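# A look at the structure
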Amino acid sequence: MKQSPKTVKMWMLTCLLFSLCQATTENDRDFKMCGTWRHGNKSQNLKYDLRTGCSKMEISASESTLSVQGSITAKCTQSSSIQLDSNPLQNQSNFCVIWDPLLDLLIVEVNGKNHILCEPKGLQGTCCTDLSQGKTETAGLFGIVNGSAQGDIIRHAVMELYTFEGDSINCKEEFCDEASQRSRGPNMIENVVMKSNTTGRVDLPCAQSTVIEMEDGFTGLNITLPAPRTVAPNMIPSVYLPSCLKSKSRIKSKVVCTYYKEHKLFQGGKSDSTLLGDIVGLSVENEIIQNLPEPVKIRFHHSALPSNYSKRCVSWDTRKDSEVNWRSEGCETVIISVTETECRCNHFAYITLTQVEQKSTGRHLEALTFITAVGCALSLVSCLVLFYWLWKHRGRKDKSLLVHRGLVVATFFLCLCFSLTSTLANTGHETVCKITGTLLHYSLLSTLCWMTVEMFHTFLLVCCVFTSSLPPWVFYLAGFGIPAVLVCRLLSIGDIYGLRNIMPSEDATSLYFMCWMLDSDRSRLAHYIINIGLLAVVLSSGAVMLFFLATKMRKRPEWKKNFMAFFSVWGLICLFGTTWGLFNFDLLSEATLFLFCIINSCQGCLLMLRYILLNR
């Protein structure tokens, strides 16, 4: 018989929908069958008869009974009946049958109330899953309406019985395969371990976990993580859980510590370094752990790294990032030995070690520190000598001496604060380090401001415009007042100054720490706006004034008399400004790095040399 085109199209669409429904049902590990139970006005009950095995599950409904029975469980054997809450004004109830074969967990939800028929008792290896639709039986007035599996409608009509047949598979392997394809696969693993209702070791092909139950009186705990047999015992990470983890509002809390040897669950994302190996995941039941007063400590064992590489502790917080983004915030790296590193973190996340190629700064830090110390010492002596010489001539009516003295004082305190910052950082006193970092930043800004004042003063001197009419307080306000206002504003914001780890390395000592601006978003923003902005003002204004003088003023007698002073100031500012600019934008080669340290640490010496030449 010839069929119409419309009939053919409808038949093809029906086949497509059916095949999609079948594919969805067969490829899902977990099972969820829902529907509307049409019953009478008498009392209702839930009847169940569950046995181990993997043959089939039958879900049926009559006037007064909703029934679930079959052989699909791994360990659970339950047979009983539950009296349900009934409403004589309603003759139907919504229900769902939820089966998680990995946990051996079976739940029947009726009108929003859960009835746990099989409680989880660990993670199952071989389990019954991939439940596919089998036999169905129609009914008259009472039964199941709009039956669906995995959200797809099976039958709209009233059905008395639904049968689902299962297959026996390795549930743990399938779960790991599923987790490796999800962006939050590690979260899936820790959640299912938390729900497994066990304590102690829990093994999966992709991860090994330890479940710890904290009770009242918990004083902290050292544990060695479980690991595959292929991992040598001396290479397994260990974890210290501090006592502050235990919440006072809870009688008991579960902690899951998970060891990941493979990285397939942590692919993608952003990182400027290479993961060294092991990853440790930490989570607490129904809690977000952050800003711990005592850090959690994870000790990693690894092979020795080349001398041009360093180690760094990083973490990935899934609450902040949908992708894998390893960050060092909140974790401190403590070098125990060349093959042992401890990560101390104030939060719970996925924590690991990365290897980072050291820049030339790290390789030559000891030599650069020595050069800087010697240069600062010479600058301090030079500034004292130069200030004494300028103070002897203070009786002259030359305001240039006032500007010179201001720049010398600012440079002296900059070298002094920079010389002390490493030593004071090693004391570990937060308040002292915050004060030192504030003074160092103020001295730097004051030095740059006095350089700008000297440049403008020389420009006015060459142009012979209003120089003698400017009162001294104008110079002091520009050189000392403006930096004070900027620093006070930053202090009012808070969390700007403190201990700064400037170069993590395997040979970490006090040389690698300083009291300066913190490595935070606020501090970086302040650095780029104030420090880099002031450098840009110094260099650009100097270039503009030099161009103006070279084109407009060079034929005037004032230019011939004072041009050398202006060129000396402008050249000095360009010399300092260019090297500081290169440092702040991290574009230094090794040669420029040494040149930078020599020039900037010897600022006092160069100032004294300049004044001696100008005086002659």
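Here the structure is a predicted model, which is why all the values come from computation and not from measurement. (Residues numbered from 1 in each chain as written. Predicted model: local features only at pLDDT ≥ 70, side-chain atom pairs only at ≥ 80, totals over all residues. Heavy atoms only, no water.)

### A few points about the packing of helix 6 (residues 399-425) against helix 8 (residues 472-493)
Interaxial distance between helix 6 and helix 8 falls to 11 Å at its minimum, and their mutual angle equals 20°. Classified by the angle between their axes, helix 6 and helix 8 sit roughly parallel to one another. Crossing of helix 6 against helix 8: the hand is right-handed. Seen from helix 6, the contacting residues are K399, L402, V403, G406 and V409; seen from helix 8, they are P472, F475, Y476 and F480. Of the residues contributing to the contact of helix 6 with helix 8, the split by class is seven nonpolar, one polar and one charged. (Axes fitted to C-alpha atoms, helices over the stretch in contact; angles between N-to-C directions. Helix = DSSP H or I, 4+ residues; strand = E, 2+ residues; numbered from the N terminus. Parallel < 35°, antiparallel > 145°, perpendicular 65-115°, else oblique. Left-handed = near helix turned anticlockwise from the far one by under 90°. Contact = heavy atoms within 4.5 Å. Nonpolar A, V, L, I, M, F, W, Y, C, P; charged D, E, K, R; others polar.)

### Digging into helix 2 (residues 171-180)
Buried residues of helix 2: C171, K172, F175, C176 and A179, and no others. Around the axis of helix 2, the buried residues are gathered within 135° of arc, so they sit on the same side. In this fold, the buried residues of helix 2 make contact with strand 9 (126-138), strand 12 (159-170), helix 3 (185-195) and strand 13 (200-204). Of the residues flanking the start of helix 2, the one acting as N-cap is N170, its side-chain oxygen 3.3 Å from the backbone nitrogen of K172. (Buried < 20%, exposed > 50% of the residue type's maximum accessible area, 1.4 Å probe, protein only. Arc of directions from axis to C-beta. Polar contact = N/O pair within 3.5 Å; in protein donor to acceptor, adjacent residues only side chain to side chain.)

### Considering the environment of I154
By the element assignment, I154 lies in strand 11 (residues 152-155). Judged by relative accessible area, I154 falls into the buried class, the value being 11%. Sequence separation between I154 and M33 is 121 residues; the distance between their C-alpha atoms is 9.7 Å.

### Re helix 3
Buried residues dominate helix 3, accounting for nine of its 11 residues. Taken together, the buried positions of helix 3 are G185, P186, N187, M188, I189, E190, V192, V193 and M194. Looking one or two residues beyond helix 3, the residue adopting positive phi is N197, at roughly 60°.

### Quick look at the sheet that holds strand 15 (residues 221-224)
Read from one edge of the open sheet, five strands run 15-16-19-22-21, paired in antiparallel fashion. Of all the strands in the sheet, just strand 15 and strand 21 (331-337) have a single pairing partner and so form its edges. Across this sheet, the average inter-strand angle for adjacent strands is 20°, counted without regard to direction. Of the strand pairs in this sheet, strand 16 (residues 238-241) and strand 19 (residues 296-301) are connected by three bridges, and their pairing is antiparallel. Across the sheet, residue S238 finds its bridge partner in strand 19, namely R299. (Pairing = 2+ DSSP bridges.)

### Focus: the pattern of salt bridges
This structure, assessed with the given rule, holds 14 salt bridges. Linking D49 and R51 is a salt bridge whose minimum nitrogen-to-oxygen distance equals 3.5 Å. Overall, the relative accessible area of 23% leaves D49 in the partly exposed class. Here R51 falls in the partly exposed class, since its relative accessible area comes to 44%. Here R299 ties to E342 by a salt bridge, and the two come within 2.9 Å at their closest N and O atoms. Of the two residues, R299 sits in strand 19 while E342 sits in strand 22 (residues 340-345), which places them 43 residues apart along the sequence. (Salt bridge = Lys/Arg side-chain N within 4 Å of Asp/Glu carboxyl O.)

### Remarks on the packing of aromatic side chains
Under the defined criterion, the tally for this structure stands at 14 aromatic pairs. Measuring from centroid to centroid gives 6.0 Å for F266 and W316, while their planes differ by 85°, and the two rings are edge-to-face. With F266 in the loop between strand 17 (253-260) and strand 18 (274-284) and W316 in strand 20 (residues 309-316), the pair connects residues that are 50 residues apart, well separated along the chain. Ring geometry for W450 and Y476: centres 6.3 Å apart, planes at 80°, overall edge-to-face. On the criterion of sequence distance, the pair formed by W450 in helix 7 (residues 430-463) and Y476 in helix 8 is long-range, its members being 26 residues apart. Residue Y476 is classed as partly exposed on the basis of its relative accessible area of 37%. Cluster of aromatic residues (ring-pair linked, three or more members): Y260, F266, W316, W326 and Y350. (Phe/Tyr/Trp six-rings, centres within 6.5 Å; stacked < 30°, edge-to-face > 60°.)

### So, the state of the cysteines
Under the defined criterion, the tally for this structure stands at eight disulfides. The disulfide bridge from C313 ends at C343, spanning 1.9 Å between sulfur atoms. In this structure the cystine formed by C313 and C343 twists about its S-S bond by roughly -85°; its chirality is therefore left-handed. Here C313 is found in strand 20, whereas its partner C343 is found in strand 22, with 30 residues between them in sequence. Each of the two residues, C313 as well as C343, counts as buried. No disulfide involves C383; its nearest neighbouring cysteine sulfur is the one of C415, lying 5.6 Å away. Classification of C383 by relative accessible area gives buried; the value is 2%. The thiol sulfur of C415 is not disulfide-bonded, and the nearest other cysteine sulfur, from C376, lies at 4.9 Å. Overall, C415 belongs to the buried group, its relative accessible area being 3%. (Disulfide = S-S within 2.5 Å.)

Treat this as a map of the structure, not an account of what it does.
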